[in-house]
Every structure is written in C-alpha cells, then in structure tokens.
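# Overview (structure and organization)
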Amino acid sequence: MSTTHIEAGVGAIADTVLLPGDPLRARFLAQELLEAPVQVNARRNMLGYTGQWQGRPVTVMGGGMGIPSTAIYVTELVRSYGVRRIIRVGTCGGVGEVAVGDVLLAQSGSTDSRFNRMQFGGHDLSTCADFGLLRAAVDAAGAQGVEARLAHVFSTDCFYDGDPQLLAHLRRHRIHGVEMETAGLYGLAMREGFAALAILAVSDHLDNGASMPPEEREQGLARVARLALACTDA
C-alpha cells in the first residue's frame, strides 16, 4: 500500500497523525511520548513512527518545510492511509504582543502562497482550524496548566527576504505567528474532509530579536505535542 513518498504498509499509520516539519523532531517526539513506537517510514528520510498514547494508536511523522512538502505528505496520508486528524506541532516566529515560549493555537491561517487559490478558482480561501480539535486543545491547555493563546498565524513561502512590509501588515491585522505550513494544511483539510489543527511554540520574536535556546526548543516542542496528544479523542 506504499505511496510515492510513504513506504508504510496497510494499517501501519494511525488515523491521528502529529506532523512536525523536521523528521528528527518526529523521532524525538515518538521516543519521548509514545509507548512502543515503531518506525513506519524512512523513505526520503522523512521519518514516521506509530506507537500508543493512553491505549490509542498515534503516528508522528515529519512533513518537511513549506506548504508544497506538507501538502504531499498530508494528501497521501489522507487519501491512501485513511488519516482523519492531523495536528501540526512545531514552532513559529512571534509578532506583536506574544513572547518567546508562548504556545499558540492557530485559529486561522493566512498566506502569501498561491497553493489554496490554485484549487479555489483563484479566489481567497478563509482557512481555519477544526473547531472540535481547537476546543479540545483549549481544554487540554487548562488541564495541563499551559498558557495557550488562540491566535491567527501567517504561512509564508519566503523564509528569507519576502515582502518588507509583511510585519506591519501582520501587526495591523493582529496576526501573532509566522511559519510556513498551517494555511496549506487547513486548506487541504477543507478540501479533503479531515480535521486539522496547528499548535505552535513561539521560538523567535521577529520584532525584538529574542530567541529560544536549542534545549528549550525541544522542551517547548514536547509541551506542544502533549497538548496535541490530549486532543486525539476529540
């Protein structure tokens, strides 16, 4: 049953997938949080693992950087493996009144990418999180004592350079996180009919230059992933 980019066999991938961008983060999270994780994908070194979380199967798999890479893996996971929930777990740059280390629950995803427009007749698509997952994440944050903030995020195609006025636009529209995948994930969820959410830790602040040390990035990612895992029965 393998696909062009995923070598997992029938039944090897759970119906809930946590999707960090970095495959090494997928390995870290699987080993840190899941019971008896088994590697199910290594094709193109995009590592994926399936294990147990509180008696339920969960897969953690890398999705790469940017909307095009994420879209390849998400499309194959949903169409070929029957995945019904995908929660992006990762980091983002902060804008405005957020601080490094804050956890953002991405309510919506705006973008400078044409990916969604190409599949929506050239029109703007208002991409948003699945409400059930979003509500479960809010409840889980309260139960775990994590200060998580509902936020709008912006997915850019340009890690370097890009629109010099972008930050001003984001501040004006109260968008507090910048990353590279969420808007594409949410657009795919609307088209393919699965539930999606992005939970992000602010690793760098684009206004004041503050940055999270590497060891704190791992801790922040684990905190984000625990929130995501608490949503798996939503």
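Small disclaimer: the values here were computed from a predicted structure and weren't measured.

## Notes on the overall build of the chain
Tallying secondary structure elements over the chain gives 7 helices and 10 strands in all. For 234 residues, the compact-globule estimate of 2.2 N^0.38 gives 17 Å, and the C-alpha radius of gyration of the chain, at 16 Å, lies within 12% of that figure. Over its C-alpha atoms, taken along the principal directions, the chain stretches across nearly 45 × 45 × 30 Å. Counting the 234 residues in the chain, one finds 52% classified as buried. Taking the contacts inside the chain whose residues are at least 6 apart along the sequence as the reference set, 76% of them involve residues at least 24 apart. Entry remark: accessible area of the chain is about 10700 Å², with carbon and sulfur atoms responsible for 50%. In the chain, 20 positive and 25 negative side-chain charges are present, and the distance between their average locations comes to 5 Å.

## Considering the pairing of strand 8 (residues 148-155)
Sheet analysis places strand 6 (residues 103-111) next to strand 8, joined by 8 bridges and oriented parallel. Across the sheet, residue S110 finds its bridge partner in strand 8, namely F154. Where strand 8 meets strand 9 (residues 177-179), 3 bridges bridge the pair, whose relative direction is parallel. Opposite S155, over in strand 9, you have E179 as the bridge partner. Chirality of the crossover, the property in question, places the unit of strand 8, helix 5 (residues 166-172) and strand 9 among those that are right-handed.

## Section: the environment of C128
Looking at the secondary structure, you find C128 in strand 7 (residues 127-128). Note on C128: relative accessible area 41%, which makes it partly exposed. Between the C-alpha atom of C128 and that of S108, which follows or precedes it by 20 residues, the distance is 4.1 Å. With residues up to four places along the chain from it excluded, the contact list for C128 reads Q107, S108, Y186 and M190.

## Observations concerning the packing of aromatic side chains
Here the distance between the centres and the angle between the planes together describe a pair of aromatic rings. This model, assessed by the stated rule, comprises 1 aromatic pair. Plain terms: the ring middles of F159 and Y160 are 4.9 Å apart, the flat faces sit at 80 degrees to each other, and that makes the pair edge-to-face. Y160 shares its class with F159; the two are exposed.

## Observations regarding unusual backbone geometry
In this structure, A36 is a non-glycine residue whose phi angle is positive, near 50 degrees. Among the secondary structure elements, A36 is positioned in strand 2 (residues 35-41). With a relative accessible area of 64%, A36 lands in the exposed category.

## Section: the environment of A26
Of note, A26 is situated in helix 1 (residues 23-33). In sequence terms A26 and A222 are 196 residues apart; their C-alpha atoms lie 11 Å from each other. Look past the residues within four positions of A26 in its chain and what remains in contact with it is P20, L47, Y49, V60, M61 and G62.

The rules we used
- Residues numbered from 1 in each chain as written.
- Predicted model: local features only at pLDDT ≥ 70, side-chain atom pairs only at ≥ 80, totals over all residues.
- Heavy atoms only, no water.
- Helix = DSSP H or I, 4+ residues; strand = E, 2+ residues; numbered from the N terminus.
- Rg over C-alpha atoms; globule rule 2.2 N^0.38 Å.
- Buried < 20%, exposed > 50% of the residue type's maximum accessible area, 1.4 Å probe, protein only.
- Contact = heavy atoms within 4.5 Å.
- Areas by Shrake-Rupley, 256 points an atom, 1.4 Å probe, with all protein chains shown as cover.
- Lys, Arg positive; Asp, Glu negative; His and termini not counted.
- Charge placed at Lys NZ, Arg CZ, Asp CG, Glu CD.
- Pairing = 2+ DSSP bridges.
- Right-handed = clockwise from strand over helix to strand, strands pointing away.
- Phe/Tyr/Trp six-rings, centres within 6.5 Å; stacked < 30°, edge-to-face > 60°.

By themselves, these figures tell us nothing about what the structure is for.
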